[in-house]
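Reading the structure
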Amino acid sequence: WEFNGSFYQPSAFLMMGIPGLEALHHWISIPFCALYLIALLGNCMILFIIKTTQSLHEPMYYFLSMLAVTDLGLVLCTLPTTLGIFWFNMRRIGFDACLTQMYFIHILSFIESSVLLAMAFDRFIAISHPLRHSSILTKTTVMKIGLVIILRGMVSLLPIPFLLKRLTYCRKIELSHSFCFHPDIMNLACADIKVNVFYGMIILLSTVGMDFIFIVLSYILIIKTIIGLATKEECLKALNTCVSHICAVLVFFIPMIALSMIHRFGRNVPPLVNTLVAYTYLIIPPALNPIIYSIKSSQIREALLRALRRKTG
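Residues numbered from 1 in each chain as written. Predicted model: local features only at pLDDT ≥ 70, side-chain atom pairs only at ≥ 80, totals over all residues. Heavy atoms only, no water.

Glancing now at the state of the cysteines. Overall, the coordinates contain 2 disulfides when judged by the stated rule. There is a disulfide in this structure between cysteine 98 and cysteine 180, and the S-S distance comes to 1.9 Å. In this structure, the disulfide formed by cysteine 98 and cysteine 180 twists by about -120° around the S-S bond and is classed as left-handed. Of the two residues, cysteine 98 is situated in helix H3 (residues 95-128) and cysteine 180 in the loop between helix H6 (159-165) and helix H7 (182-186); the sequence distance between them amounts to 82 residues. The same class applies to cysteine 98 and to cysteine 180, which are both buried. There is a disulfide in this structure between cysteine 170 and cysteine 190, and the S-S distance comes to 1.7 Å. Taken together, the residues cysteine 170 in the loop between H6 and H7 and cysteine 190 in the loop between H7 and helix H8 (194-227) connect sequence positions 20 residues apart. Residue cysteine 170 is classed as partly exposed on the basis of its relative accessible area of 25%. Residue cysteine 190 is classed as partly exposed on the basis of its relative accessible area, which comes to 45%. Sequence-ordered numbering of the bonded cysteines in the protein gives a pairing of 1-3, 2-4. Among the cysteines around cysteine 242, which has no disulfide bond, cysteine 247 carries the closest sulfur, lying 11 Å off. (Disulfide = S-S within 2.5 Å. Helix = DSSP H or I, 4+ residues; strand = E, 2+ residues; numbered from the N terminus. Buried < 20%, exposed > 50% of the residue type's maximum accessible area, 1.4 Å probe, protein only.)

Following the sequence through the fold, histidine 245 ends up in helix H10 (residues 243-265). Within the structure, histidine 245 has its side chain in polar contact with the side chain of tyrosine 219 (distance 2.6 Å). In this structure, histidine 245 is in contact with Leu116, Met119, Ala120, Ile215, Tyr219 and Tyr293, ignoring residues within four places of it in sequence. (Polar contact = N/O pair within 3.5 Å; in protein donor to acceptor, adjacent residues only side chain to side chain. Contact = heavy atoms within 4.5 Å.)

Looking now at unusual backbone geometry. The phi dihedral of asparagine 89 is positive, around 55°, even though this residue is not glycine. By the element assignment, asparagine 89 lies in the loop between helix H2 (59-88) and strand E4 (92-94).

Taking 1.5 Å of rise per residue, the 28 residues of helix H1 (residues 25-52) would be expected to cover 40 Å, and the 40 Å separating its terminal C-alpha atoms lies within 8% of that figure. Maximal helix bending in H1 amounts to about 25°, located at proline 31. Of the positions making up H1, those classed as buried are His25, Ile28, Ser29, Phe32, Tyr36, Ala39, Gly42, Asn43, Ile46, Ile49 and Ile50. (Expected span 1.5 Å × (residues − 1). Bend = angle between axes of the 7 residues up to and from the residue.)

What follows concerns the packing of aromatic side chains. Overall, the coordinates contain 12 aromatic pairs when judged by the stated rule. Both rings, one in phenylalanine 86 and one in tyrosine 279, keep their centres 6.4 Å apart while their planes meet at 50°; by these two values the pair is tilted. With phenylalanine 86 in helix H2 and tyrosine 279 in helix H11 (residues 271-296), this residue pair connects regions lying 193 residues apart in the sequence. On the basis of relative accessibility, which here comes to 1%, the residue phenylalanine 86 falls in the buried class. (Phe/Tyr/Trp six-rings, centres within 6.5 Å; stacked < 30°, edge-to-face > 60°.)

Here we take up the UniProt feature "transmembrane region" (unreviewed entry) in the protein. Mapped onto this numbering, the UniProt entry annotates "transmembrane region" (unreviewed entry) at residues 24-50, 62-88, 100-121, 142-164, 197-222, 243-264 and 276-295. For the annotated span residues 24-50, helix accounts for 96% and strand for 0% of the residues, and the straight-line distance between the end C-alpha atoms is 40 Å. As annotated, residues 197-222 has a helix share of 100% and a strand share of 0%, and its two end C-alpha atoms lie 36 Å apart. (UniProt positions renumbered as here; feature names shortened; annotations may be inferred.)

Let us now look at the nonpolar core. The biggest cluster of nonpolar side chains holds 88 residues, and the ones touching the most others in it are Phe13, Leu64, Leu116, Leu164, Tyr169 and Ile185. Per-element tally for this core: the top contributor is H3, with 19 residues. (Core = buried A, V, L, I, M, F, W, Y, C linked by side-chain atoms within 4.5 Å.)

By the definition in use, this model includes 4 salt bridges. For aspartate 96, the salt bridge identified is with lysine 165, shortest N-O distance 3.0 Å. Taken together, the positions of aspartate 96 in helix H3 and lysine 165 in helix H6 put the pair 69 residues apart, joining distant regions of the chain. On the basis of relative accessibility, which here comes to 32%, the residue lysine 165 falls in the partly exposed class. (Salt bridge = Lys/Arg side-chain N within 4 Å of Asp/Glu carboxyl O.)

Pasting the structure below:
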């Protein structure tokens, strides 16, 4: 512990694996390794297929590439500490290293939320204005949207590490997860955390909250457009192009909202539930997104089959 008058700041935090199941961590690591491997290979495969297939060089797949890169970042942020605990019981993480991990986890989560919103906008334009789709979402426009998404996440979350560094902390230094999460860290402080709570809520509602609202509004407009189509076949074809994105939105937002609610209001929630929701939020979406898009997107599926034939041929 570093001491400066009445100011206490831990030199490190202790991370938690799965509470109550510490003796089984080696066995539990097997499904986690499988999920991490699926996420790494699946998202790399998506990026490789989109890069090497000329017919996939269009806005929908550019946004899918952004989603894959974001998922890879989330995996690489949590993999070292999670498997470090399961394999070697390495629970200690330095204070500054914890803040750095927390900053990137939250940035990537916000970026993923924004990318899902951009994908919803792309589907709305493709269904409502199919003839103008390529002229509205040009390659330059997509790049500008991507840059704005990154800057939005970085700037909005920049004060968070500094707000945490100004706090004085209690003797309890044990985190609730195998990674660093803003509400988890600030709840260890002995100081007044009203500023942290207020700023965290404002940023969450103005970014992820607004993204979710606009995604819902986009689908209301999409459904309204689909209902106006002439034939049932056209309706189903248009709706089918949105299924993958709807699944990705549900897989990401449901556990994220649940985890935020638990950290802010669920003081009596069992630690095991808190931990499982956190892992679902950070590991399941990166592993499932490549599978969802590989199954539902015929273009990606066909490009993958062609790549496999070339390798085996």
